[in-house]
Amino acid sequence: MAVARALALAGAVVLFGLAPAAAAARNRNLVKAEKAYADLDYGHVERWLQKAQKSQLSPEETVAVFELYAFVHAIYGRDEQAREAFLEVLKRKPEYLLAADTSPKLRGVFLDAKRTWEAQGSPVAPAPPVGAGADAATAERDPDEPAEELKLAALPPVTVETKNNAVPDAVMRRNDPLAVESVSHRRAAPFYTRWWFYAAVGVVVVGASGALVWALSRPEPPSHDFGPVPLK
Amino acid sequence: MTTRLLLTALAVGGVCGCGDSYIVLEIAADLKIPDDADQLQVTTMDAADVTQILADQTFTLESGQRFPIEVLLEPSDATPRELRESVVASKAGLPVASNEVEHSWTAGHTSRARFALGPIP
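Residues numbered from 1 in each chain as written. Chains lettered and ligands numbered in written order. Predicted model: local features only at pLDDT ≥ 70, side-chain atom pairs only at ≥ 80, totals over all residues.

### So, the environment of phenylalanine 66 of chain A
Residue and element names in this part refer to chain A.
In step 1: Its place among the elements puts phenylalanine 66 in helix α4 (residues 59–75).
In step 2: The spacing of phenylalanine 66 and valine 89 is 23 residues in sequence and 5.8 Å in space, taken between C-alpha atoms.
In step 3: When near neighbours in sequence (up to four residues on either side) are disregarded, phenylalanine 66 contacts Ala85, Glu88 and Val89. (Helix = DSSP H or I, 4+ residues; strand = E, 2+ residues; numbered from the N terminus. Contact = placed C-beta atoms within 7 Å.)

Following this line, the structure appears as structure tokens:
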């Protein structure tokens, strides 16, 4: 009985201990890319994917990277690049299917890619080198370790780049069909910032000054004994 | 800046340069106040139409005053440019001296009309 209890406890320790370890083992940059995608932050998706490529990826992660690339390219209207990314997905995971609620646009690009892939004879990507499989994925990762050449070569290029590989916001907004359209709530400039206000103030000030000068400079009537007598 | 101020002053001056118009009647007479005259009646008429009386006022002359007496008239925009003045000095209600003169006046200036009262014809 005591042995059984000890075994159960050990099993629990192993289970609870391994779960976080397995989660932590998933490529950190890929996780960030997936989170950015969920947050509709597509510019950062590409950035994290590029970083993820620089480390060793498991076959499953590689598929996830291509899948995200395909999604982002399709969202930005870069259909050709999206097709290439889907092709890479299919080469690595022939049974790959889109989720049922995928948008028609994405579905169209994917079906296009699938037709191309089938027309090419349903090619399959060469197996990853020994040690780069699922076992390797759980191993410690060196972020500076170069990625597989095959994966890098196959990854579709990013068309819009800046020195930091960041897509400019303006481009993002222009290409992003999911971005909320900016609504101009610009209020009319306050009246006191308009030229006509100061022109009117100037006229009033000059008029008032003139009236004041005129009133103050009104000459004294000449000396007299009687009067003044107003004439009709 | 100074130029702008000058231009503004000129503009203001140009707009309000009309000034006031006055007529001063300088009435001379060889009369002593109040021994010879104690009242002065001044009637202003349109020189072109003497039936048009523009003003008619009687002033009480008091001791200490001396001729010439200055009466100030203030014409309006509607006042004819040519006027006729009828001035009568009287003592105890009886006319003692008078004169009638015509004169003109200029808008925006002080015009003076000098004349003397003479015996009543």
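Now that the structure has been shown, the text picks up again.
### Some details on the packing of helix α2 (residues 28–38) of chain A against helix α3 (residues 42–53) of chain A
Residue and element names in this part refer to chain A.
In step 1: Two elements in contact, α2 and α3, have axes separated by 8 Å at closest approach and are oriented at 165°. Classified by the interaxial angle, the pair formed by α2 and α3 is roughly antiparallel. Relative to α3, α2 is oriented so that their crossing is left-handed. Here Asn29, Leu30, Lys32, Ala33, Ala36 and Tyr37 of α2 lie close against α3, whose contacting residues are His44, Val45, Trp48, Leu49, Lys51 and Ala52.
In step 2: Of the residues belonging to the contact of α2 with α3, the class tally is eight nonpolar, two polar and two charged. (Axes fitted to C-alpha atoms, helices over the stretch in contact; angles between N-to-C directions. Parallel < 35°, antiparallel > 145°, perpendicular 65-115°, else oblique. Left-handed = near helix turned anticlockwise from the far one by under 90°. Nonpolar A, V, L, I, M, F, W, Y, C, P; charged D, E, K, R; others polar.)

### Things to note about the interface of chain A and chain B
In step 1: On the side of chain B, 25 residues touch chain A, which itself brings 19 residues to the contact.
In step 2: Where the side of chain A that touches chain B is concerned, the elements lending two or more residues are α10 (195–216) and β1 (226–230) of chain A.
In step 3: Taken together, the residues of the side of chain A that touches chain B break down into eleven nonpolar, five polar and three charged.

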